[in-house]
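Survey of secondary and tertiary structure
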Amino acid sequence: KVLLPEMNRMTAHLFAATFRSFGIEAQVLKTYRGLDAGKKYTSGKECYPCQVTLGDILSFAKEERERLGQAFNPEDYIYFMPESEGPCRFGLYNKYQRIVLDSFPGLKKLKISSVTTKDGYSLEGLLEKEKILGFKKAGFLSLVAADIMDRLTWRVRPYEKEQGMTDAFMEQAMHRMARSFETYGAANSFDPVLSELDGIIEAAKGIIDQKMSPKPIIGIVGEIFLRMHRDSNQDLIRTLEKYGAEVENASMCEWVNYVSYAGLRQERKRL
């Protein structure tokens, strides 16, 4: 089972569904419940996302061991923690977290998948070689779809007819999109996926109170995990909405575009 940290709820669930479409059991880790453990086993000098994600995996392992008892086998799990090259300490998360996991009885056998920007996030070892390109296509589309779903939420929620309508609708919509990616992702049959997305967008328009005046738009930029992870940023978007704003957050795909651009630039230099 592949364990995905939740940086962004929508992204994590659609990406996990894509994994399942390709025959890999994937689960999104519950987040922020193990923060005390994350802080306990770090010095405080690490990036905050390192503490959050470490807490997530430690909390999962503890709960899974309690749930399964003697049947708990750490070898049954792969913790999906990508990395990046360059000066960013993100490249060291999986290495440091490996040290921490190894300090717990039995958790040396819990594997960490450390896909990296160095090779364009190659998935060799997780998937058969002939499936990797198809997975990348479906996986990237899941990121784009999640970005659109998030933008839809931020566009509709400040103008909803009744408080709570948007969140309830988008929770159902997330599961609808996840089923669509799980059903059609492996075949790279994207028309049904896009049709589902179109239907969600059209239905969401009905939530908007057309009589409400436009609100000032505030843009959020910054470190990708903190701007995406609602608990880490204290649900900043919802707070700004509470005080009368409409918000746009920098997208998840911005990172993928950056990695692609940097990789292309490096290849041009080599040529």
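Quick summary incoming for the structure in this document. It should be emphasised that the depicted structure is a prediction, and the values quoted were computed from it without experimental measurement.

1. Side note on the overall build of the protein
Each helix and strand counted, the protein has 10 helices and 6 strands in total. Against the globule reference of 18 Å for 271 residues, the protein gives a C-alpha radius of gyration of 20 Å, in line with a compact fold. In terms of its C-alpha atoms, the protein occupies a principal-axis envelope of roughly 60 × 45 × 45 Å. Put simply, the protein has 271 residues, and 46% of those count as buried. Only carbon and sulfur atoms are counted for the fraction: they give 54% of the accessible area of the protein, which is about 14700 Å². Charge centroids of the protein, computed over 39 positive and 37 negative side chains, lie 3 Å from each other.

2. Section: the pattern of salt bridges
The tally for this structure, following the rule as stated, stands at 17 salt bridges. The residue E63 makes a salt bridge to R33 at a minimum N-O spacing of 2.5 Å. Of this pair, E63 sits in helix α3 (residues 48–68) while R33 sits in the loop between β2 (26–28) and α2 (35–40); the two residues are 30 residues apart in sequence, bridging distant segments of the chain. Owing to a relative accessible area of 32%, E63 belongs among the partly exposed residues under this scheme. Note on R33: relative accessible area 46%, which makes it partly exposed. For the salt bridge of E64 with R67, the shortest nitrogen-to-oxygen distance reads 2.9 Å. Taken together, the residues E64 and R67, both in helix α3 and 3 residues apart, mark about one turn of the helix. Within the structure, one salt-bridge network assembled from shared partners comprises R157, D167, D235, R238 and E241.

3. A short note on the side chain of T11
Positionally, T11 belongs in helix α1 (residues 9–21). Judged by its relative accessible area of 6%, T11 falls in the buried class. Setting aside anything within four residues of it in sequence, one finds T11 in contact with L143, A146 and M252.

4. Details of the environment of G134
Among the structural elements, G134 can be located in helix α5 (residues 129–156). Relative accessible area serves as the criterion here: at 15%, G134 is assigned to the buried category. With residues near it in sequence (within four places) discarded, G134 still touches F22 and N188.

5. Focus on unusual backbone geometry
Of note in this structure, Q234 is not a glycine but carries a positive phi near 55°. Of note, Q234 is situated in the loop between α8 (224–228) and α9 (236–242). Look at Q234 and you get exposed, because its relative accessible area is 67%. Positive phi, normally seen in glycine, also occurs at D235, with a value near 55°. Its place among the elements puts D235 in the loop between α8 and α9. Judged by relative accessible area, which is 23%, D235 ranks as partly exposed.

6. Points about helix α6 (residues 165–184)
The end-to-end C-alpha separation of α6 is 29 Å, in line with the 28 Å expected for 20 residues at 1.5 Å each. Next to the buried residues of α6 lie α1, α5 and α7 (191–205).

7. Examining the sheet that holds β2
Pairing in this open sheet of 4 strands is parallel, and the strands run β2-β1-β3-β4 from one edge to the other. Looking along the sheet, the strands with just one partner apiece sit at the ends: β2 and β4 (111–113). Strand-to-strand twist across the sheet, computed as the mean angle between neighbouring axes with direction ignored, equals 30°. Of the strand pairs in this sheet, strand β1 (residues 2–4) and β2 are connected by 3 bridges, and their pairing is parallel. Across the sheet, residue L3 finds its bridge partner in β2, namely Q27. Packed on one face of the sheet, α1 meets β1, β2 and β3 (78–80) and runs near 170° to β2. Of the strands in this sheet, β1, β2 and β3 are in contact with α3, which crosses β3 at around 160°.

Procedures and definitions
- Residues numbered from 1 in each chain as written.
- Predicted model: local features only at pLDDT ≥ 70, side-chain atom pairs only at ≥ 80, totals over all residues.
- Heavy atoms only, no water.
- Helix = DSSP H or I, 4+ residues; strand = E, 2+ residues; numbered from the N terminus.
- Rg over C-alpha atoms; globule rule 2.2 N^0.38 Å.
- Buried < 20%, exposed > 50% of the residue type's maximum accessible area, 1.4 Å probe, protein only.
- Areas by Shrake-Rupley, 256 points an atom, 1.4 Å probe, with all protein chains shown as cover.
- Lys, Arg positive; Asp, Glu negative; His and termini not counted.
- Charge placed at Lys NZ, Arg CZ, Asp CG, Glu CD.
- Salt bridge = Lys/Arg side-chain N within 4 Å of Asp/Glu carboxyl O.
- Contact = heavy atoms within 4.5 Å.
- Expected span 1.5 Å × (residues − 1).
- Pairing = 2+ DSSP bridges.
- Axes fitted to C-alpha atoms, helices over the stretch in contact; angles between N-to-C directions.

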